[in-house]
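Analysis of the macromolecular model
Spelled out from the first residue to the last, the chains are:
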2 protein chains.
Amino acid sequence: MLPSSTVENYLKALYQAESSRTGKTLVPMGQLATAVGVAPGTATTMVKALAESGLVDYEPYVGVRLSSAGAKLAALVLRRHRLVEQFLVEVMGMSWAEVHEDAEQLEHVVSDRLVERMDAMLGHPSVDPHGDPIPTADGTIVAPDYGSLLTCPLTVTVTVTRVTDQDASFLRFLEKQDLKPGHALEVEARDSAADSVQLRTASGRQITIGTQAASKVLVQESS
Amino acid sequence: MLPSSTVENYLKALYQAESSRTGKTLVPMGQLATAVGVAPGTATTMVKALAESGLVDYEPYVGVRLSSAGAKLAALVLRRHRLVEQFLVEVMGMSWAEVHEDAEQLEHVVSDRLVERMDAMLGHPSVDPHGDPIPTADGTIVAPDYGSLLTCPLTVTVTVTRVTDQDASFLRFLEKQDLKPGHALEVEARDSAADSVQLRTASGRQITIGTQAASKVLVQESS
DNA sequence: CTTTATATTTTGAGTTGTCAAAACGAAACT
DNA sequence: AGTTTCGTTTTGACAACTCAAAATATAAAG
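Structure report, in brief. (Residues numbered from 1 in each chain as written. Chains lettered and ligands numbered in written order. Predicted model: local features only at pLDDT ≥ 70, side-chain atom pairs only at ≥ 80, totals over all residues. Heavy atoms only, no water.)

1. Focus: the pattern of salt bridges
Overall, the coordinates contain 22 salt bridges over all chains when judged by the stated rule. In this structure, Asp102(B) and Arg113(A) form a salt bridge, with 2.7 Å as the shortest nitrogen-oxygen distance. Of this pair, Asp102(B) sits in helix α5 (residues 99-106) while Arg113(A) sits in helix α6 (residues 112-121), placing the two residues on different chains. Residue Asp119(B) is joined to Arg79(B) by a salt bridge in which the shortest nitrogen-to-oxygen separation is 3.3 Å. Here Asp119(B) is found in helix α6 (residues 112-121), whereas its partner Arg79(B) is found in helix α4 (residues 68-90), with 40 residues between them in sequence. A single burial state applies to Asp119(B) and to Arg79(B), both of which are buried. Taken together, the salt bridges that share partners define one network made up of Lys12(A), Glu104(A) and Glu107(A). (Salt bridge = Lys/Arg side-chain N within 4 Å of Asp/Glu carboxyl O. Helix = DSSP H or I, 4+ residues; strand = E, 2+ residues; numbered from the N terminus. Buried < 20%, exposed > 50% of the residue type's maximum accessible area, 1.4 Å probe, protein only.)

2. Some details on the sheet that holds strand β4 (residues 157-163) of chain B
Residues and elements named next belong to chain B. Read across the sheet, six strands follow the order β3-β8-β4-β5-β6-β7 without closing on themselves; strand pairing throughout is antiparallel. Single-partner strands in this sheet number two, and they are β3 (147-148) and β7 (206-210). Across three bridges, the pairing between β4 and strand β5 (residues 184-191) is antiparallel. Counterpart to threonine 157 in the pairing with β5 is glutamate 186. Across the sheet, helix α7 (residues 168-176) touches β4, β7 and β8 (217-221), and the angle it forms with β4 is around 155 degrees. (Pairing = 2+ DSSP bridges. Contact = heavy atoms within 4.5 Å. Axes fitted to C-alpha atoms, helices over the stretch in contact; angles between N-to-C directions.)

3. Some words on the interface of chain A and chain B
Taken together, the contact between chain A and chain B spans 18 residues of the former and 18 residues of the latter. When the area that chain A buries against chain B is broken down by residue, the three leading residues are Met92(A), Arg113(A) and Leu114(A), summing to 36%. The interface formed by chain A and chain B holds four salt bridges in total. The residue Glu98(A) makes a salt bridge to Arg113(B) at a minimum N-O spacing of 3.7 Å. Our count for the contact surface shared by chain A and chain B stands at eight residue pairs in polar contact (both at pLDDT 80 or more). Residue classes in the side of chain A that touches chain B are distributed as eleven nonpolar, three polar and four charged. (Buried area = accessible area lost by both parts, 1.4 Å probe. Polar contact = N/O pair within 3.5 Å; in protein donor to acceptor, adjacent residues only side chain to side chain. Nonpolar A, V, L, I, M, F, W, Y, C, P; charged D, E, K, R; others polar.)

Function cannot be read off these values alone, since they describe shape.
If you want it as C-alpha cells, here you go:
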C-alpha cells in the first residue's frame, strides 16, 4: 500500500513540526491540524488511522510522534520536495521564492526514476535552494544545527546557510537584501526592546530586521 | 471550479476516443469506461456529472461527446502531457519508451508557469517524442492526418512522423528497428493473407511487421 | 476544590469516486 | 413478433477524506 498524497502531507507536516520542537515532546493535535490545514477533528481521525498503520505513535489528549517507519516515509517525501525545488531553480531557472508551491504538488507524483535522474543531473546536492538538507534515498537526513541571526555571536562574519520559511514575499525580500544562503554578513547589534536585529552585509549595507524574521535566517561562522 | 485529475482523465480519454473515430459518432459508454479503466456504471455516473457541468454532451444509451468547453480542457491536459514527455526526453534524457507513465501523473499537477517554462526551454515544439501534436496554450490542436504504413504508397520513401501507441515494449522495438519519428523507410509489400507488411529501412535492413503494428506507425512522403 | 477556559475527541453528515450486481433498453436472430 | 444477447443504467454499498458542532477531557485560575 503506497501512501496517498494526504498521508504524505500529514507525515511531512509531522516531521517538520517535530524538528521545530525542543526535546522529545509529542506534537499536539491542534498544531498538526493547523500545519496540514484541516479541522482539529479531521486530524484526530487521520492520526488514529496512521497509528493503526504503524506510521505514528499516538497518545490521546497528548499528541503524536512519527514512528521510525513514518519518519522514513516523511524523509522520502522531503527528499522529493527538496530535489524538485533544487531542480526547478537550477535547471529550469525559476526563482527560489516561487518554487515551493510547485514542489508541493510535484512531491507526490514524481517517480523514483525521475527523482534519481534529477538527483544525478544536480550532482547529488546536499541542500535545496533554501538550505534545507536533502535526505538520501534511504531516508537519512544530515541536518547540522545552525544558529540563527538571533543566536549567533555579534560582530563576527557569518554566512547564511538556511532559511526556514517558504513565504514568497519574505524570500524575495531576503534575495533583494543579499541574504540568500551563501552570502556573508555580520550581526552588529540586537535590541530586544525594539524587537530588532541590525545587520551589515558583505557589501557594507546596513539592514535592520525584526526578531521573527531574524530567527528564520540560519547562519554559520565563516571559516 | 478547476477540474480534478479524474475529470481530466475522462476528458482526455474522450478526446482520444473521438480522434480515433470516423465521422461524428458519439463515443459509447463501454469504450470510455475501458479507456478510463473503470466499470461501465462508474462511467455512466461520471458522464452524467460532466454533462451537468457542460463539459460533454450525453445521449443515454447512445454515447458521449465533448462539448467545446470540454474539448478545450482536454486539449490543455494533452498539452501538459505532451510537453512533459518532450521535456523528459529532451532535457532529462529519458527514453521515449518510458516517459508516458511519468507524464500521466505529472500532467495533472504541473502549473501553468511550469508548463510555459518547459515550452520555452524546448523552443515551443509542435510535437512530442511520439510525434503527437502539442496543443497551443489556447487549446488549439493542429493535427495533420498522416497515412500509416498500412495505407501509404508502396516502394516510395516515407518518413515516420508519429506513433499512436504508448506501449513501452512496442516503442523499444521501433527504436531498435530505426522506426522512430524522423527515420526514413519504404514499404516494399503488403500481404493481407499473412497479415503483414514488409519494410526496408534507410540503412537497407528489411523488416516484416504485423498490420496491427503497421497501422500505428504514421508516415509522410519524404519531400 | 470548584469553576472556567482550552484543547481534543466524537458524532453525524457530506463529497467524490468507485464497484458489483440487478434491472433495463435496444438491437439482432430466429 | 418473440426471445436471446449485449451494452447501458440503476441501485445499494463502500472507502477516503472532510467539516461543524456537540461532548468530553485536561489544565488553569480563582
